[in-house]
Amino acid sequence: MSDSTPTVAAPPEKLSWYRRLYLRVEALSSTKHAVAAMLLVSVVDGSVFPIPPFALLVPMVLAQPQKWLRYALMGTVASLFGGFIGYYLGDLLRQGAISFLEIDMNMRIQRFGIDATLGELLGQNFWALALLCSILPTPFKVVAIGSGMVGVPLDRFFLAAVLGRSVRFFLVSGVMRFFGPTARKWLRV
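For the protein chain, an unreviewed UniProt entry supplies the name Membrane protein and the organism Archangium violaceum Cb vi76.

Next comes the structure, spelled out in structure tokens:
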């Protein structure tokens, strides 16, 4: 005797808005507008966009591995441009907060062996954090806006961003080029 009760399929997993957006951006990698989309996402990633450009870079390099250097360079340059937008957004926020809250960035702090102004303390070593976070899978917009907000000198931010974003784009692109689809399993982007 056979059991004729119908099996009910489990309802499809509901994806979060972030995952749906990520998948839409990733789907652009197989269109004729993939390069333009990666450049746009790279620029906007430095300021407000929640999806990293690597969602496009990885499938693009896997589809055309011989273009890995070109894609990495274009993504780096576009990301740096977006980083400047984010930096200036952060600078505007800082200036607005300083004037609104009447914060004196030249206020001297002399406690616990520290002798520096508030502005010096906030901006002094933040560029090292900006460098580290530009390489690690940290949203670049956080680094860019944060650098502007704490008043990291623009030349230090630029140095950290160039080094960090170059390492990140070329590393991800190179790993995809030389190790192929298997690398995608252990490289989270």
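Help me out: how do you make sense of the nonpolar core in this one?
Generally speaking, nonpolar side chains in soluble globular proteins are found buried as a group. Core analysis: the largest hydrophobic core is formed by 23 residues, its most contacted members being Val25, Leu56 and Leu57. Of all the secondary-structure elements, those providing two or more residues to this core are helix H1 (17-27), helix H2 (34-45), helix H3 (54-63), helix H4 (68-101) and helix H8 (154-179). The dominant element in this core, judged by the number of residues it contributes, is H3, at seven residues. Ignoring sequence-local partners within four residues, the contact set of Val25 consists of Val41, Phe49, Ile51, Ala55 and Leu56. One finds Tyr87, Ala130, Phe157 and Ala161 within the second-largest nonpolar core, a separate group that totals twelve residues.

Would you mind showing me how to read the environment of Gly46 here?
One can find Gly46 in the loop between H2 and H3. Judged by relative accessible area, which is 0%, Gly46 ranks as buried. Put simply, Gly46 and Gly86 are 40 residues apart on the chain and 5.5 Å apart in space, counted from C-alpha to C-alpha. Here Gly46 is in contact with Gly82, Gly83, Gly86, Phe140, Lys141 and Ala144, once residues within four sequence places are set aside.

How each quantity is defined
- Residues numbered from 1 in each chain as written.
- Predicted model: local features only at pLDDT ≥ 70, side-chain atom pairs only at ≥ 80, totals over all residues.
- Heavy atoms only, no water.
- Core = buried A, V, L, I, M, F, W, Y, C linked by side-chain atoms within 4.5 Å.
- Buried < 20%, exposed > 50% of the residue type's maximum accessible area, 1.4 Å probe, protein only.
- Helix = DSSP H or I, 4+ residues; strand = E, 2+ residues; numbered from the N terminus.
- Contact = heavy atoms within 4.5 Å.

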